[in-house]
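Below are the chains, spelled out letter by letter.
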Amino acid sequence: TLSSKTMEVNVVGNFNVTRLVAQEIAALNNFEKPKDNENDSGVIIQTASMAAFEGAVGFPLYSASKTAIVSMTLPLARELGRYGIRCVTIAPGFMETPMAEPMDPKSRKAMIDIIPFPHGRFGEPSEFADLVKLIITNGFINGTTIRMDGGIRAPM
């Protein structure tokens, strides 16, 4: 069913990819924490959604699946820290991606209008990439979810 597919892809799939990547990163250091505390072994960056916090009307299971990713972040950071692996999640809001292209203009405008700042647009993929770069280069960002949504708080 659609509901089990949502959970399978968003939760189980995300967990399995994270588990396998963490195993590969840890193996690079022979499953030991790096001796140089200034350099981590790597960072796993997951993607959730603002729906994890706001809920999406008509999509409670999607929201629950994204909340599960957010909920995994801190326990994964604690578990993987012994291998020098950080774990961070990004929760984007409305982004200018191919998924937004078929949106009808009226719906698009309604979504844009509730973004406090910057006005008049969705987030850009390059802004998402910039946040990923920041997370990679800042070794003290760990075990948290960063909202990247222009300050939006979706209406109920």
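You'll find the structure just up there.
This is a predicted model, so every value here is computed, not measured. Sequence positions are assigned chain by chain, starting from 1 and proceeding in written order. Under the rules for a predicted model, residues below a pLDDT of 70 receive no local features and side-chain atom pairs below 80 are neither given nor counted, while totals for whole chains, interfaces and linings still include all residues. As a convention, hydrogens and water are excluded, and side-chain values are obtained from all of the structure's heavy atoms.

A. Structural view of the pairing of strand β2 (residues 85-92). With respect to burial, β2 is a largely interior element, eight of its eight residues being buried. Here's how the labels work: a residue is buried when its accessible area is under 20% of the maximum for its type, exposed when over 50%, partly exposed in between, all with a 1.4 Å probe on protein chains only. Numbering of helices and strands runs from the N terminus; a helix is a DSSP stretch of H or I covering at least four residues, while a strand is a stretch of E covering at least two. Side-chain alternation along β2 places I85, C87, T89 and A91 on one buried face and R86, V88, I90 and P92 on a second face that is also buried. A pair of strands is treated as paired once DSSP finds two or more bridges between them. Across six bridges, the pairing between strand β1 (residues 42-47) and β2 is parallel. Bridging across to β2, V43 finds its partner in R86. The sheet contact formed by β2 and strand β3 (residues 144-148) spans five bridges and is parallel. Of the residues in β3, the one forming a bridge with V88 is T144.

B. Region of interest: the environment of V88. Here V88 is to be found in strand β2. V88 sits in the buried class, given a relative accessible area of 0%. Note: C-alpha distance between V88 and P125 (37 residues apart in sequence) is 18 Å. Residue contacts follow a heavy-atom distance rule, with two residues in contact if any of their heavy atoms lie within 4.5 Å. When sequence neighbours within four positions are dropped, the list of residues in contact with V88 reads V43, I44, I45, Q46, T73, I135, I141, N142, G143, T144 and I146.

C. Spatial organisation of the side chain of D149. Inspection of the secondary structure puts D149 in the segment after β3. Counted as a polar contact is a pair of N or O atoms within 3.5 Å, where, for protein atoms, one must be capable of donating a hydrogen and the other of accepting one, and residues adjacent in sequence contribute only when both atoms are in side chains. One polar contact links D149 to R147, side chain to side chain, over a distance of 2.8 Å. Setting aside residues no more than four positions away along its own chain, D149 makes contact with M50, G93 and I115.

D. Spatial organisation of the sheet that holds β1. Across the sheet, which stays open at both edges, the three strands sit in the order β1-β2-β3 with parallel pairing between neighbours. The sheet terminates laterally at β1 and β3, the two strands that pair on one side only. Neighbouring strand axes in the sheet, compared pairwise and without regard to direction, differ in orientation by 25 degrees on average. In the packing of helix α3 (residues 60-80) onto the sheet, the strands contacted are β1, β2 and β3, and the crossing angle to β2 comes to about 160 degrees. Helix axes are fitted only over the stretch in contact, all axes being lines through C-alpha atoms; the angle between N-to-C directions runs from 0 to 180 degrees.

E. A look at the environment of A100. The residue A100 is located in the loop between β2 and α4 (105-113) in this model. Once the C-alpha coordinates of A100 and F122 are considered, the two residues, 22 residues apart in sequence, prove to be 9.2 Å apart. Not counting residues within four places of it along the chain, the set of residues in contact with A100 comprises M95, R108 and F122.

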